[in-house]
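Given next are the chains, with one letter for each unit.
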Amino acid sequence: FAHSIDNFQAQVDLFELTGLVANLAGRLAAMRKLTIQVEQPKAPLVFSGNPFLLQNLIWLCLEFAFKATNADSTLLLIPEGVDTGITLRICGIDSLDEGFSGKIPTESEDLLAALGARLSANCNSKELILHLA
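For the structure given in this document, a descriptive report is provided here. (Residues numbered from 1 in each chain as written. Predicted model: local features only at pLDDT ≥ 70, side-chain atom pairs only at ≥ 80, totals over all residues. Heavy atoms only, no water.)

Three or four residues apart is the spacing at which side chains of an α-helix point the same way, because the helix has 3.6 residues per turn. Every buried residue of helix α4 (residues 107–115) is accounted for by S108, L111, L112 and L115. Projected down its long axis, α4 shows its buried positions confined to an angular sector of 100°, all on one face. Of the exposed residues in α4, the ones pointing more than 90 degrees away from its buried face are E109, D110, A113 and A114. (Buried < 20%, exposed > 50% of the residue type's maximum accessible area, 1.4 Å probe, protein only. Helix = DSSP H or I, 4+ residues; strand = E, 2+ residues; numbered from the N terminus. Arc of directions from axis to C-beta.)

Put into structure tokens, the structure is as follows:
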């Protein structure tokens, strides 16, 4: 993780990067009695950009999800390819509502802009969706 700050531009496997962040967040999740699972995609999904910024953005999304999820729940992280690029879905957020954007840390706005990414929510399926180009 610490060495990723040296790479301003790199190609990284989104599944591996997500797994790393999920492992780092494991203790925080355990303290909240949450489980994190990362689903492996059918084919490798390569992100081209700043891996350190992406790791930080995923971390902020997980912190938000932890606060909005009941104990004894499982958060499922699903990297997937879509027509417009790749996404990371964070599923199982119990208390996700329409006002989620006001609860996301402002640091994430800077990270989203720097990565050319966007963050949305599907309140029906209780998931955050990180859209990467």
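Time to look at the packing of helix α1 (residues 14–24) against helix α3 (residues 51–67). Contact pair α1 / α3: the axes reach a minimum separation of 10 Å and the direction vectors enclose 50°. For the element pair α1 / α3, the angle class is oblique. At the point where α1 passes α3, the crossing takes the right-handed sense. Facing α1, whose interface residues are L14, L17, T18, L20, V21, A22 and L24, α3 presents P51, L54, Q55, I58, W59 and L62. Among the residues forming the contact of α1 with α3, the class breakdown is 11 nonpolar, 2 polar and no charged. (Axes fitted to C-alpha atoms, helices over the stretch in contact; angles between N-to-C directions. Parallel < 35°, antiparallel > 145°, perpendicular 65-115°, else oblique. Left-handed = near helix turned anticlockwise from the far one by under 90°. Contact = heavy atoms within 4.5 Å. Nonpolar A, V, L, I, M, F, W, Y, C, P; charged D, E, K, R; others polar.)

So, about the pairing of strand β7 (residues 127–132). A large share of β7 lies buried, amounting to 6 of its 6 residues. Burial along β7 is two-sided: E127, I129 and H131 and L128, L130 and L132, pointing in opposite directions, are all buried. Sheet topology note: the strand β5 (residues 85–91)/β7 ladder contains 6 bridges and is antiparallel. Of the residues in β7, the one forming a bridge with R89 is I129. (Pairing = 2+ DSSP bridges.)

We now examine the nonpolar core. Core analysis: the largest hydrophobic core is formed by 40 residues, its most contacted members being L54, L128 and L130. Elements with a minimum of two residues in this core: β1 (10–13), α1, β2 (34–38), α3, β4 (73–82), β5, α4 and β7. It is α3 that provides the largest number of residues to this core, a total of 9 residues. With residues near it in sequence (within four places) discarded, L54 still touches L14, L17, F47, L115, L130 and L132. (Core = buried A, V, L, I, M, F, W, Y, C linked by side-chain atoms within 4.5 Å.)

Honestly, that's just the spatial picture; any functional story needs more than this.
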